[in-house]
Amino acid sequence: VRARRLAPTERLRQSAWRRLKSMSWFLKSAAITLLTLAPPPRVNAFLRAAPAAVGRRPSRREAESSSDTSGAAASRVVILGGGFGGLYTALRLAEFSKEQPVEITLVDSKDKFVFLPLLYELTTGQAPLDEVAPTFDSLLANTNVKFMQGEVDGIDVGGNVVSVGGVDVPFDRCVVALGGEPLKDTVPGAAENALAFYTLEDAYQLQRELARLDTAPGDVRVVVVGGSYSGVELATSIASRLGSRAHLTLVERGDEVLGRSPPHNVESAKAALASAKVDCKCATSVLRVGAGEIVVCPNEDDSAATTLDADLVLWTAGSRPNAMLGGLAGVTCDAAGRLVVDNTLRVQSPEGRAAGGVVFALGDNAVLELGPLPPNAQVAFQQSEYAAWNVWASLNDEKPLAFRYTALGEMLTLGANDASVAGPQGLEALKLSGPLAAAARRLVYAARMPTSEQRVKAGVNWLQSPAKELLRLAQETRLNLKK
């Protein structure tokens, strides 16, 4: 009798708990969406643009610039690096400084911006060049950002000068976002015999290698070193591209692939690798890379070395910050060579204060005093908003904003028309796999493109891809029928 009396109460409690969990999920989703669409720097910029509407007086610098800008000397901002961190900082700063005389110069050694997460699709022919790697000139055409192509030789922090290809470029504020470079010199022969996958030139070289393997007699053997996102995405993309002729091996030093990733993505990746018959050698180190071979062994056991034949070795095992940063004076670097920054992304001096107060850093080139962040593009995306605002704030006597990283979940491609998407902590129920995840991934990346024109172009390409695939299948069917 007592059990029967308690049953309705227990059902009510369980129902209330389910509703509370559902509401919590909804609130977390809404908060993440809001932070993505309207991060704090953009909110600040919006409020600054309408001071009367919110009862705020314009800052002294705003008042001076609005009263007379004809004779004012323009502040010079030099942004080093045209990757996610550098380009997005430049574009956002251009928006923030429309009413102030600010000269923005973006410096990069290449003439094209590369949307790195889609480099796999470019290599395998699933995405066009103008979507993945548009020129800086086209992206900056309708802005006040000037593009300068050249290698950065050094930064004189005390003298406020950057050397680019032997030319001195003075600045009032400098943003360092030079990105990283592959770490291949730790293993003998890797630099000479392994192909990195980090730049547009690497993608072109891989396309040439794949074309060579297409005409090679018999089966082909490909070894991918590194079991993080880059290694898994590259292995599954190549398996999809080469088909059954390919024998792929994935070498990972850790105990499993995607060791620090959400369980859903790990499971999806393992399933995709197994389906593609990729031989995963985890807890395995590389001893050396030779011409047509790679020597591996179990971790800490050189005596059990094994030589694997390889028609192609691809290297995705680690990267390091731009080597130029290690030679800078008047700044603090960590053991990995990254610039130490405070929570406003200002570079710190050895004395523990802002280095001249004029240099900022983000992405792969920066490490917060509070500790490192995940090594992914999300960090550079989010930091670019804060870097742009804090540079503008430092020129206009405004209060800087402390950077706060928000995990937005993780996505990875697993070959043609296959992917995996996992929601962030607290939203683990958000899971997608297969073609639906592949479509969601391309749609998210289309929305993340740097300009509205580029977003439209990516969206059109994404919408056209199913039709192109159907046309390809129809053509193959016709050829098979003729045979």
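Student: Got a sec to walk through the sheet that holds strand 6 (residues 167-170)? Specific residues and values, please.
Tutor: An order of 4-5-6 is seen for the 3 strands of this open sheet, with the pairing classed as antiparallel. Looking along the sheet, the strands with just one partner apiece sit at the ends: strand 4 (152-156) and strand 6. The average undirected angle you get between the axes of adjacent strands in this sheet is 20°. In this structure, strand 4 lies alongside strand 5 (residues 161-164), joined through 4 bridges in antiparallel fashion. Paired with Val-152 across the two strands is Val-164, which belongs to strand 5.

Student: Now, about the packing of aromatic side chains: what can you tell me, with residues and values included?
Tutor: The final tally for this structure, using the stated rule, is 13 aromatic pairs. Arranged with centres 5.2 Å apart and planes meeting at 90°, the rings of Phe-84 and Phe-115 form a pair that is edge-to-face. Remark: Phe-115 occurs in the loop between strand 2 (102-108) and helix 6 (119-123) and Phe-84 occurs in helix 5 (residues 84-96); sequence separation between them is 31 residues. The pair Phe-84 / Phe-115 is uniform in exposure class, with both members buried. Taken together through their ring pairs, the aromatic side chains of Phe-84, Tyr-88, Phe-113, Phe-115, Phe-381 and Tyr-445 make up a single cluster. Positioned above the aromatic ring of Phe-381, the side-chain terminus of Arg-448 is 4.6 Å from the ring centre.

Student: Could you give me a rundown of helix 11 (residues 229-242), with the residues and numbers involved?
Tutor: Taking 1.5 Å of rise per residue, the 14 residues of helix 11 would be expected to cover 20 Å, and the 20 Å separating its terminal C-alpha atoms lies within 8% of that figure. Counting buried positions along helix 11 yields 11 of 14 residues, so the element is predominantly enclosed. Within helix 11, burial applies to Tyr-229, Gly-231, Val-232, Glu-233, Leu-234, Ala-235, Thr-236, Ser-237, Ile-238, Ala-239 and Leu-242. Phi turns positive, to about 80°, at Gly-243, one or two residues after helix 11.

Student: Could you give an account of the pairing of strand 1 (residues 75-80), with specific residues and numbers?
Tutor: Most of strand 1 sits inside the fold, with 5 of its 6 residues counted as buried. Note that strand 1 and strand 2 share 6 bridges and pair parallel. The residue of strand 2 that forms the bridge with Arg-76 is Glu-103. In the classification by handedness, the crossover that spans strand 1, the intervening helix 5 and the parallel strand 2 is right-handed. Looking at chain direction, strand 1 and strand 7 (residues 173-176) are connected through 4 bridges and run parallel. Bridge pairing in strand 7 links Val-77 to Arg-173.

Student: I'd like a rundown of the sheet that holds strand 21 (residues 410-413), residues and numbers included.
Tutor: Sheets are built from strands that pair by backbone hydrogen bonding, the pairs being arranged parallel or antiparallel. An order of 21-22-23 is seen for the 3 strands of this open sheet, with the pairing classed as antiparallel. The two strands at the open ends of the sheet, each matched to only one other strand, are strand 21 and strand 23 (431-433). Across the sheet, the mean angle separating the axes of adjacent strands is 0° when strand polarity is ignored. As judged from the 4 bridges shared by strand 21 and strand 22 (residues 419-422), these two strands associate in the antiparallel manner. Bridged to Thr-413 within strand 22 is Ala-419. Running over the sheet, helix 14 (residues 434-447) touches strand 21, strand 22 and strand 23 and is turned about 110° from strand 23.

Student: Lay out the packing of helix 10 (residues 200-215) against helix 11 in plain terms, naming residues and giving numbers.
Tutor: Where helix 10 contacts helix 11, the axes come no closer than 11 Å and their chain directions differ by 40°. Relative to helix 11, the element helix 10 is oriented oblique. Both helix 10 and helix 11 take part in a crossing whose hand is right-handed. In contact with Leu-206, Leu-210, Ala-211, Leu-213 and Asp-214 of helix 10, helix 11 contributes Leu-234, Ile-238, Arg-241 and Leu-242.

Student: Account for the pattern of salt bridges, naming residues and giving values.
Tutor: Under the counting rule described, the total for this entry stands at 16 salt bridges. With a shortest N-O distance of 3.4 Å, Glu-181 and Arg-320 are connected by a salt bridge. Here Glu-181, found in strand 8 (residues 180-182), pairs with Arg-320, found in strand 17 (residues 319-321); they are 139 residues apart in sequence, far enough to count as distant. Accessibility expressed as a relative area gives 24% for Glu-181, which makes it partly exposed. The class of Arg-320 is partly exposed, set by a relative accessible area of 30%. Asp-279 is the partner of Lys-281 in a salt bridge, and the nearest nitrogen-oxygen pair spans 3.4 Å. Taking the relative accessible area as the measure of exposure, Lys-281 reaches 26% and is therefore partly exposed. Overlapping salt bridges, with partners in common, bring together Arg-92, Glu-95 and Glu-385 in one network.

What counts as what
Residues numbered from 1 in each chain as written. Predicted model: local features only at pLDDT ≥ 70, side-chain atom pairs only at ≥ 80, totals over all residues. Heavy atoms only, no water. Pairing = 2+ DSSP bridges. Helix = DSSP H or I, 4+ residues; strand = E, 2+ residues; numbered from the N terminus. Axes fitted to C-alpha atoms, helices over the stretch in contact; angles between N-to-C directions. Phe/Tyr/Trp six-rings, centres within 6.5 Å; stacked < 30°, edge-to-face > 60°. Buried < 20%, exposed > 50% of the residue type's maximum accessible area, 1.4 Å probe, protein only. Lys NZ or Arg CZ within 6 Å of the ring centre and 35° of its normal. Expected span 1.5 Å × (residues − 1). Right-handed = clockwise from strand over helix to strand, strands pointing away. Contact = heavy atoms within 4.5 Å. Parallel < 35°, antiparallel > 145°, perpendicular 65-115°, else oblique. Left-handed = near helix turned anticlockwise from the far one by under 90°. Salt bridge = Lys/Arg side-chain N within 4 Å of Asp/Glu carboxyl O.

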